[in-house]
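# Results of the structural survey
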Amino acid sequence: MKKVTSFLTNNIAITILILMIIIATILDRSFLAPANLFNVFNQNSIKGIMAIGMTFLILNGYFDMSLCTLVSLAAALSCGLQNQIGIAGAVLVSLLVGALVGIINGFLVAYVGINGFVVTLATMLGCRGLAYIYPNEKSIVAPNMSFLKFGIGKLGPISYISILYLILMFIAWFVLRFTNHGRNTYAAGGNAAASANAGIDVKRTIFINFVICGVGSALGGILYAASLGSSSPALGWPDMHMLVIAACVLGGAKLSGGYGNLWFSMVGVMILGIVINIMSITGAAPWVSTFCTGAIMIAVLIADKLITDARNAEALKAAEEAFKSRS
Amino acid sequence: MQDKKSFDFVRFVKSQMLLVAGIVIFLIFGMIEHSFFTQSNIINIFRQIAVIAVMGAGMTYAIIGGNFDLSVGSLLSLCGSVIIMSTNKMGPVAAIVFTLFVGCASGVVTGYICGYLHLNSMVATLGMMNVLQALTLLYSGGNFVSLDNPDIWIVAFGQGNLGIVPISVIVMIIFCVIYGIILTRTVYGHNVKAVGTNPMTCKYSGINDNWVVMTTFIMSGLATAVAAILLATRGGGAQPTMGLGYEFDVITAVILGGADLAGGEGSIYRTFVGALVIGIMKTGFVILGMSVYYQYIAECIIILIAVFLDLRAKGTVRKS
């Protein structure tokens, strides 16, 4: 029993997920139907893909505000360029634009030394301007049907996008777990100065993570465009990046860096998804799900804080007792 | 200390780089389009920035205290609906008091979460943003609300003029001056700066740092409530999505004003100049007949240049 409690308090994301599933089932039995569970997963896989990039960045101690408008810019480019250079070309260009924004962010943060919040806020505004100016403030319908077909296509109960999400999750997990870059990310996020002294190229690590996050956001934008068959300049504005960051934080990642887990970020995305799903099943008023999202975020932070405090106090007490018994 | 008697012009200009940049942008727009220099346009610019400048004054406190307040956008929507609907129900005076109370109450909650529970302000205020947005939808029923009597005196805040100066501009100036005086001339203001620089030191020197952080959020909430009164009375109605995205405009103004996001540094005057630059660009692109969205690209470039110059002046740009 003690093992179970310590597991649940150590992995608070899992606890909340279980709680959410129980509450959702009580509210409506049809939540647990396999079709609905797959539905939740499919609906949130795009957000999950963006959360992968954001997790890399949060592990490194930064976050990317430019995600929300980069999404709409990439969506507009991937739809608008299809007539000129075909689907593959349009997708490639969108990803390159995402990488370019990531490079700008990464260069200014890592090598010039400007505050990450300021840089990504600035590029967020810049991308917002481009996302409106490129399509003349209109939404663009993707001319090629196979784009939409990929976006809404399914293999059995799982959508193609979800399959892509799972593949990317495994790749990202492998990178974080088994490559130098992944270990460097954790190390640099935990203590940048110590990592630099240990010979890790902290600047390059930060730079690469910003590029990963930029490409991830652009990919998210492309997939949104694919699943809707069109792009809109208002896609993602004003709080997409906030939802993604919140999902990572719900998954237990610390914004100060060095602490977090890719799979728990996935759990965080699904927690937010379950809130929206159960509200739409029960037909609650729109304000309820917004309220619950906010309240859950604050409650999780408070619970995490209380647990950490209690654990620290316990450790202190144990240390004092050990000291007393020795002297 | 700087010698106050000898006036160093070069140093003065250097310290006012942003204002100079704003004037240069203003002149460039004016040279392209002469109607930019008219009195009505200049008044229009000030009327436009009233909301951002007032909210920026509050946000400056939160940022100097070392925290972000991302909930101001939703709080603006909430207070906008509150002022319109409560004016209809209980008259203007009670409505104003109630709106200011709502702003302060939201500040107390946010401040308690960030100040006393020491949660990360970024995520905690993000949660508050959702909660306040939900309350707005609940309170207004998700509908556009408008004044029953569009000629009631409260609309003077948004639409009225005193001579040629709009009342909203007068309110903005008085409000910013009061906030500026509190920040620079009172013990409390110095406490805010001290807590933003180093909360631990403050705690050990007897300043109640939790309380000070909480009050910065109350200041921010109060400012947002005042801004909501100005914004809602301008059109005589309020959308539940009225304040969407305003938090970024406000934070942009504060950053342009050179506040240190790590806390401890910033001034109301410079935030005001930051808001002014945003206002000039916003109006300028409209008058030139270009898409408003060029303004965002211009803002992006100006923020990066301003912050880069600021860093270089402090000598903290990394050599690489």
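Residues numbered from 1 in each chain as written. Chains lettered and ligands numbered in written order. Predicted model: local features only at pLDDT ≥ 70, side-chain atom pairs only at ≥ 80, totals over all residues. Heavy atoms only, no water.

### Examining the overall build of chain B
Inclusion rule: Secondary structure elements follow DSSP: runs of H or I of four or more residues count as helices, runs of E of two or more count as strands, with numbering from the N terminus. For this measure, only C-alpha atoms enter the radius of gyration; the expected value for a globule follows 2.2 Å times N^0.38, where N is the number of residues. Buried, partly exposed and exposed residues are distinguished by accessible area as a fraction of the type maximum, computed with a 1.4 Å probe on protein chains only: under 20%, between the cut-offs, and over 50%, respectively. Any two residues whose heavy atoms approach within 4.5 Å at even a single point are treated as in contact. Areas reported as accessible are Shrake-Rupley estimates using a 1.4 Å probe. Residue values count occlusion only from the protein chains shown. A residue counts as positive if it is Lys or Arg and as negative if it is Asp or Glu; His and the chain ends are not included. By convention, charge coordinates are those of NZ in Lys, CZ in Arg, CG in Asp, or CD in Glu.
For chain B, the helix and strand inventory stands at 14 helices and 4 strands. Taking 320 residues into account, the globule formula puts the C-alpha radius of gyration at 20 Å, and chain B, at 20 Å, falls close to it. The burial tally for chain B puts 56% of its 320 residues in the buried class. Sequence-distant contacts in chain B: of pairs separated by 6 or more residues, those separated by 24 or more amount to 78%. When the accessible surface of chain B is totalled, it reaches about 13800 Å², and 67% of it is carbon and sulfur. Taking the average place of the 16 positive charges on the side chains of chain B and the average place of its 13 negative ones, the gap between the two points comes to 9 Å.

### Section: the overall build of chain A
Within chain A, the regular secondary structure consists of 14 helices and 4 strands. Since a compact globule built from 327 residues should have a radius of gyration of about 20 Å, the 21 Å found for chain A is in line with a globular shape. For the C-alpha atoms alone, the extent of chain A along its principal axes is close to 80 × 55 × 35 Å. Out of the 327 residues in chain A, the part that is buried amounts to 51%. Pairs at least 24 apart in sequence give 79% of the contacts found in chain A among residues at least 6 apart. Carbon and sulfur atoms make up 68% of the accessible area of chain A, which amounts to about 14200 Å² in all.

### Topic: the state of the cysteines
All names here are of chain A. As a reminder, the rule being used: Disulfide: a pair of cysteine sulfur atoms within 2.5 Å of each other.
In this structure the tally under the stated criterion is 0 disulfides over all chains. Cysteine cysteine 79 remains unbridged, with the sulfur of cysteine 127 as its closest cysteine sulfur at 17 Å. Counting only cysteine sulfurs, cysteine 248 is the nearest neighbor of cysteine 213, a cysteine outside any disulfide, at a range of 8.7 Å. Relative accessible area serves as the criterion here: at 1%, cysteine 213 is assigned to the buried category.

### Concerning the packing of aromatic side chains
Operational definition: Only rings of Phe, Tyr and Trp enter the pairing, Trp through its six-membered ring, and a pair is recorded when the two centres are within 6.5 Å. The plane angle decides the type: under 30 degrees is stacked, over 60 is edge-to-face, the rest tilted. For a lysine, the NZ atom is tested; for an arginine, the CZ atom; a charge sits over a ring if that atom is within 6 Å of the ring centre and within 35 degrees of the ring normal.
Under the definition given, this model contains 23 aromatic pairs over all chains. Ring centres 6.2 Å apart and planes at 80 degrees place the aromatic pair phenylalanine 63 of chain A and phenylalanine 117 of chain A in the edge-to-face group. Of this pair, phenylalanine 63 of chain A sits in the loop between helix H3 (34-59) and helix H4 (67-80) while phenylalanine 117 of chain A sits in helix H6 (residues 116-133), and the two are 54 residues apart along the sequence. Taking relative accessible area as the criterion, phenylalanine 63 of chain A reaches 13% and is therefore assigned buried. With a centroid separation of 5.8 Å and an interplanar angle of 20 degrees, the aromatic rings of tyrosine 293 of chain B and tyrosine 296 of chain B are classed as stacked. Using a relative accessible area of 16% as the deciding quantity, one classes tyrosine 293 of chain B as buried. Its guanidinium or amino end placed over the ring of phenylalanine 178 of chain A, arginine 177 of chain A lies 5.5 Å from that ring's centre, counting from NZ or CZ.

### Focus on the packing of helix H2 (residues 12-27) of chain A against helix H13 (residues 262-282) of chain A
Residues and elements named next belong to chain A. Here is the rule we go by: Axes here mean lines fitted to C-alpha atoms, for a helix over just the part in contact, with angles spanning 0 to 180 degrees between N-to-C directions. We call two directions roughly parallel when the angle between them is under 35 degrees, roughly antiparallel when it is over 145, roughly perpendicular when it lies between 65 and 115, and oblique otherwise. Helix crossings get a hand from a simple test, with the near helix turned counterclockwise from the far one by less than a right angle marking a left-handed crossing and a clockwise turn marking a right-handed one. Throughout, the ten residues Ala, Val, Leu, Ile, Met, Phe, Trp, Tyr, Cys and Pro are labelled nonpolar, Asp, Glu, Lys and Arg are labelled charged, and all others, Gly among them, are labelled polar.
Remark: H2 packs on H13, axes separated minimally by 10 Å, with the N-to-C direction vectors making an angle of 15 degrees. Classed by the angle they form, the pair H2 and H13 counts as roughly parallel. The two elements H2 and H13 cross, and the hand of that crossing is left-handed. For the pair H2 and H13, contact is made by Ala13, Ile14, Ile16, Leu17, Met20, Ile21, Ala24 and Leu27 and by Phe264, Val267, Ile271, Ile274, Val275, Ile278 and Thr282, respectively. Residues belonging to the contact of H2 with H13 are distributed by class as follows: 14 nonpolar, 1 polar and no charged.

### A word on a nonpolar patch on the surface
Residue and element names in this part refer to chain B. The criterion, for reference: Patch members must show over 30% relative accessible area and no salt bridge, and they are joined within 9 Å when carrying like charges or within 5 Å when they are nonpolar side chains of Val, Leu, Ile, Met, Phe, Trp or Tyr. Each reported salt bridge corresponds to a side-chain nitrogen of Lys or Arg within 4 Å of a carboxyl oxygen of Asp or Glu.
Taken together, the side chains of Met17, Ile301, Ile305, Phe308 and Leu309 present a nonpolar region at the surface, about 420 Å² in accessible area. Considering every element that reaches the nonpolar patch, the biggest residue donor is helix H14 (residues 294-314), with 4 residues. Tracing the sequence through the fold places isoleucine 301 in helix H14. By relative accessible area, which is 44% here, isoleucine 301 ends up partly exposed.

### A short note on unusual backbone geometry
Residues other than glycine predominantly adopt negative phi, and peptide bonds predominantly adopt the trans conformation. At glutamate 137 of chain A, a residue that is not glycine, the phi angle is positive and equals roughly 65 degrees. In this structure, glutamate 137 of chain A sits in the loop between H6 and strand E1 (140-141).

### With respect to the interface of chain A and chain B
This is how it is decided: Buried area is a sum: the accessible area each of two parts loses on coming together, probed at 1.4 Å, counted once for each and added. N or O atoms within 3.5 Å of each other form a polar contact, as long as, within protein, one can give a hydrogen and the other can take it, and as long as residues adjacent in sequence are counted only when both atoms are side-chain atoms.
The partner chain B presents 43 residues to the 46 residues of chain A that form the contact. Carbon and sulfur atoms supply 82% of the area buried between chain A and chain B, which totals about 4000 Å² over both sides. The interface formed by chain A and chain B contains 0 salt bridges. Our count for the contact surface shared by chain A and chain B stands at 1 residue pair in polar contact (both at pLDDT 80 or more).

### Points about the packing of H3 of chain A against H13 of chain A
Residues and elements named next belong to chain A. Across the interface, H3 lies against H13 with an axial gap of 8 Å and an inter-helix angle of 140 degrees. In terms of orientation, H3 lies oblique with respect to H13. As H3 packs across H13, the resulting crossing turns out to be right-handed. Note on element contacts: H13 touches H3 through Leu262, Ser265, Met266, Val269, Met270, Gly273, Ile274, Asn277 and Ile281, opposite Asn36, Val40, Phe41, Gln43, Asn44, Lys47, Gly48, Ala51, Ile52 and Thr55.

### What to know about the environment of glycine 190 of chain A
Residues and elements named next belong to chain A. In this structure, glycine 190 sits in helix H9 (residues 180-190). With a relative accessible area of 53%, glycine 190 lands in the exposed category. Sequence-wise, glycine 190 and alanine 99 are 91 residues apart; in three dimensions their C-alpha atoms are separated by 25 Å.

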